[in-house]
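Structural overview for review
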Amino acid sequence: MKYMDEFRDPAVAKEILKQIHAIVTQPWVIMEICGGQTHSIIRNGIDQLLPKKIELVHGPGCPVCVTPLEVIDRALVIASRPNVIFTSFGDMLRVPGSDKDLLMVKSEGGDVRIVYSPLEAVQIARENPDKEVVFFAVGFETTAPGNAMAIDTAHREGLSNFSELVSHVLVPPAMEALLSSPANRVQGYLAAGHVCTIMGWEEYEPIAEKYKVPIVPTGFEPVDVLEGILLVVKQLEVGEHKVENQYLRSVRRDGNHHAQKVISKIFQVKNQKWRGIGEIPVSGLGVRQEFSQYDAAKKFSVEDIQTNEPEECISGIVLQGLKKPHECPAFGTLCIPENPLGATMVSSEGACAAYYKYQRIRA
Amino acid sequence: MCLGIPGKVVEIFDENGTIMGNIDYAGTISKACLAYVPEISIGEYTVVHAGFAISVINEEEAMKTYEVWEEFIQAAASEGVDVYGNPLPKEDKEASV
Ligand code: SF4
């Protein structure tokens, strides 16, 4: 077993689809949280194979897409400094800031480097003691363990030339914010399988109970997504609302303790701004006071950079599942992946990019 | 950043005091940090996210899930079409690596 092909088997997908068709009696709106799931759904045309009564709306689960514009602007300022090596996951390089992106800083002579792990950034810091090495630490609960460990490692080794520009978001508070909004249409959630792999799913139980929504931690392969939808629909049809784990091969109820321990050693929960959405209470992580020397926003005094977002991009509404990407007037005209107006068109996990790539122009 | 696919641990070693491993994704080997799955052994599968292994695939659970699905496969094998009678779409391999 390789845990891949088995979970992409069209025959299995077909049977699960049949079961979904067989049990649906009324219209339901289900949101998939994670951008990886959005990508899988659109690429495999899952939304079009489902009964018409089921509407899938795409959630805010793409870390690149929700990183606030002002954080990108702060990154651009730091990366332009002469003595800085600015390191980042590749997908942040083309995210537009107010007037440029990190790739443009690089072409203007900035030392901007792509890394695949924050530990590579720590290695660059070891090798360049006379330079300031900054890692762009963005993401959800899934990248937090790695980003925390990079700071922990730098601290252990006394690498005073390493720091992180941190913009970390937490999923459950955002799910709750969406549910409590008067405009909310979501009746059931596919929770993000890898976020739950780290944090477990106990946190979702009070949310499922309070808002009476089924929440199903779900994997990323097409069959996982379909099975997640089946589990949500089964609950909705009989009026249940509990947390039910689809992604059993990776998610344990209490998550990954080793990772949780390092996250809470280095980071603490704080209020956090989401691009296009605004501030959500207790929905982010920041560097703890004891480790503030590794906080690049403080080290480079960029905390006072605040930016308003451009009006033509409706990604905030898209990220809340209130509109589909093709309903944006700029979609496919002013805004395309090569020349994106908003972050949801940059990242391959962004809903706008997925719709564009797979030419999804109808709901 | 988020498409963590499972890979098989083929080597475990120490690098700067941190447990690391080489992970095989159907022939492509890449390095990942194993500090968050210290219980893992060579030959086991793991999900890697942004350079860090975040879980050991639970073989027993995967088998159980798959056994349920086996029945679906048997049931559908003869037909090979989707619920609308169209052939099911072929998997786009390139995008998932
Ligand atoms: S299509 Fe472009 S402008 Fe419109 S919401 Fe998506 S990213 Fe923003």
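In this text the structure is predicted, and so the values were computed from the model without any measurement.

How each quantity is defined
Residues numbered from 1 in each chain as written. Chains lettered and ligands numbered in written order. Predicted model: local features only at pLDDT ≥ 70, side-chain atom pairs only at ≥ 80, totals over all residues. Heavy atoms only, no water. Helix = DSSP H or I, 4+ residues; strand = E, 2+ residues; numbered from the N terminus. Buried < 20%, exposed > 50% of the residue type's maximum accessible area, 1.4 Å probe, protein only. Contact = heavy atoms within 4.5 Å. Areas by Shrake-Rupley, 256 points an atom, 1.4 Å probe, with all protein chains shown as cover. Salt bridge = Lys/Arg side-chain N within 4 Å of Asp/Glu carboxyl O. Polar contact = N/O pair within 3.5 Å; in protein donor to acceptor, adjacent residues only side chain to side chain. Axes fitted to C-alpha atoms, helices over the stretch in contact; angles between N-to-C directions. Parallel < 35°, antiparallel > 145°, perpendicular 65-115°, else oblique. Left-handed = near helix turned anticlockwise from the far one by under 90°. Nonpolar A, V, L, I, M, F, W, Y, C, P; charged D, E, K, R; others polar. Pairing = 2+ DSSP bridges. Right-handed = clockwise from strand over helix to strand, strands pointing away. Domains from an automatic or database assignment. Buried area = accessible area lost by both parts, 1.4 Å probe. Expected span 1.5 Å × (residues − 1). pLDDT = per-residue confidence, 0-100.

Quick look at the overall build of chain B
Looking only at helices and strands, chain B features 1 helix and 5 strands. For chain B, the N- to C-terminal ordering of α and β elements is β-β-β-β-β-α. By residue count, 44% of the 97 residues in chain B fall in the buried class. Relative to all contacts within chain B whose residues are 6 or more apart in sequence, the contacts with residues 24 or more apart total 27%. About 4,900 Å² of surface is accessible on chain B, with carbon and sulfur atoms providing 52% of the total.

Here's the deal with the pattern of salt bridges
One side chain can pair with another of opposite charge once the charged atoms of both are near each other. All names here are of chain A. Applying the stated rule across the entire model yields 17 salt bridges over all chains. With its nearest N and O atoms 3.4 Å apart, the salt bridge here joins Lys324 to Glu55. Taken together, the residues span a long stretch of sequence, with Lys324 in the loop between α15 (315–319) and α16 (351–357) and Glu55 in strand β2 (residues 54–61) at a distance of 269 residues. Relative accessible area serves as the criterion here: at 25%, Glu55 is assigned to the partly exposed category. With a closest N to O distance of 3.6 Å, Lys242 and Glu240 form a salt bridge. Taking the relative accessible area as the measure of exposure, Glu240 reaches 37% and is therefore partly exposed. One salt-bridge network, held together by shared partners, links Glu55, Arg185 and Lys324.

Structural notes on helix α7 (residues 118–127) of chain A
Because an α-helix completes one turn every 3.6 residues, residues spaced three or four positions apart along the sequence face the same direction. All buried positions along α7(A) are accounted for by A:Pro118, A:Leu119, A:Ala121, A:Val122, A:Ile124 and A:Ala125. Sitting at the amino-terminal end of α7(A) is A:Ser117, which places a side-chain oxygen 3.1 Å from the backbone nitrogen of A:Leu119.

Description of the packing of α7(A) against helix α8 (residues 144–157) of chain A
Residues and elements named next belong to chain A. Following both chains from N to C, one finds α7 and α8 inclined at 25°, their axes separated by 8 Å at the closest point. Between α7 and α8, the interaxial angle falls into the category roughly parallel. For α7 against α8, the interelement crossing comes out right-handed. From α7, Pro118, Leu119, Val122 and Arg126 reach across to α8, where they touch Gly146, Asn147, Ala150, Thr153 and Glu157. Counted by class, the contact of α7 with α8 contains 4 nonpolar, 3 polar and 2 charged residues.

Side note on the pairing of strand β6 (residues 162–169) of chain A
Residues and elements named next belong to chain A. Among the 8 residues in β6, 8 count as buried, and that is most of the element. Going residue by residue along β6, you find Phe162, Glu164, Val166 and His168 tucked away on one face and Ser163, Leu165, Ser167 and Val169 tucked away on the opposite face as well. As paired elements, strand β5 (residues 132–139) and β6 share 7 bridges and run parallel to each other. Opposite Val138, over in β6, you have Ser167 as the bridge partner. Between the parallel elements β5 and β6, the chain passes through α8 in a crossover that is right-handed.

A word on the domain arrangement of chain A
Residue and element names in this part refer to chain A. We note that the domain assignment places domain 1 (1–311) and domain 2 (315–357) within chain A. Relative placement of domain 1 and domain 2: their C-alpha centres are 17 Å apart. Taken together, the contact pairs 28 residues of domain 1 with 22 residues of domain 2. The largest contributions to the domain 1 side of the interface with domain 2 come from His58, Cys65 and Arg94, which together make up 26% of the buried area. Our count for the domain 1 to domain 2 interface comes out at 1 salt bridge. In this structure, the connection of domain 1 to domain 2 is made through 4 residue pairs in polar contact (both at pLDDT 80 or more). Elements supplying a minimum of two residues to the side of domain 1 that touches domain 2: α2 (35–43), β2 and α4 (63–66). Per-class residue counts for the side of domain 1 that touches domain 2 are 15 nonpolar, 8 polar and 5 charged.

Quick look at the sheet that holds strand β7 (residues 188–192) of chain A
Where strands meet in a sheet, backbone hydrogen bonds hold them as pairs that are either parallel or antiparallel. Residues and elements named next belong to chain A. Sheet architecture is open: 4 strands sit in the order β2-β1-β7-β8, paired in parallel fashion. Lying at the two open borders of the sheet, with one neighbouring strand each, are β2 and β8 (215–218). Here the strands of the sheet are splayed against their neighbours by 25° on average, with no regard to which way each runs.

Digging into the side chain of A:Ser88
Among the structural elements, A:Ser88 can be located in strand β3 (residues 84–88). Excluding anything up to four places from it in sequence, A:Ser88 contacts A:Leu93, A:Arg113, A:Ile114, A:Val115, A:Phe135 and A:Phe136.

A few points about helix α1 (residues 10–23) of chain A
Helix length check: α1(A) (14 residues) gives 20 Å between terminal C-alpha atoms against 20 Å at 1.5 Å per residue, within 8%. Regarding α1(A), the residues found buried are A:Ala11, A:Val12, A:Ala13, A:Lys14, A:Glu15, A:Ile16, A:Leu17 and A:Ile20.

Some remarks on the environment of A:Gly36
As for its placement among the helices and strands, A:Gly36 is situated in helix α2. In this structure, the C-alpha to C-alpha distance between A:Gly36 and A:Ala192, residues 156 residues apart in sequence, is 8.6 Å.

Observations regarding the environment of B:Ile40
All names here are of chain B. Position of Ile40 among the secondary structure elements: in the loop between β3 (28–33) and β4 (45–49). You can call Ile40 buried: its relative accessible area is 7%. Along the primary structure Ile40 and Glu11 are separated by 29 residues, whereas in three dimensions their C-alpha atoms are 11 Å apart. Filtering out sequence-adjacent residues up to four positions away, Ile40 remains in contact with Val9, Ile12, Leu34, Tyr45, Thr46 and Val56.

Details of the confidence of the model for chain B
Residue and element names in this part refer to chain B. On average, chain B scores 74 in pLDDT, and the residues at 70 or more come to 60%. Residue range residues 81–85 is modelled with pLDDT below 50. Its contacts to residues more than four positions away, or to other chains, number 17 contacts. Scored below 50 in pLDDT, residues 90–97 shows 16 contacts in the model against residues more than four places distant or in partner chains. Among the scores for the predicted complex, ipTM is 0.85 and pTM is 0.87.

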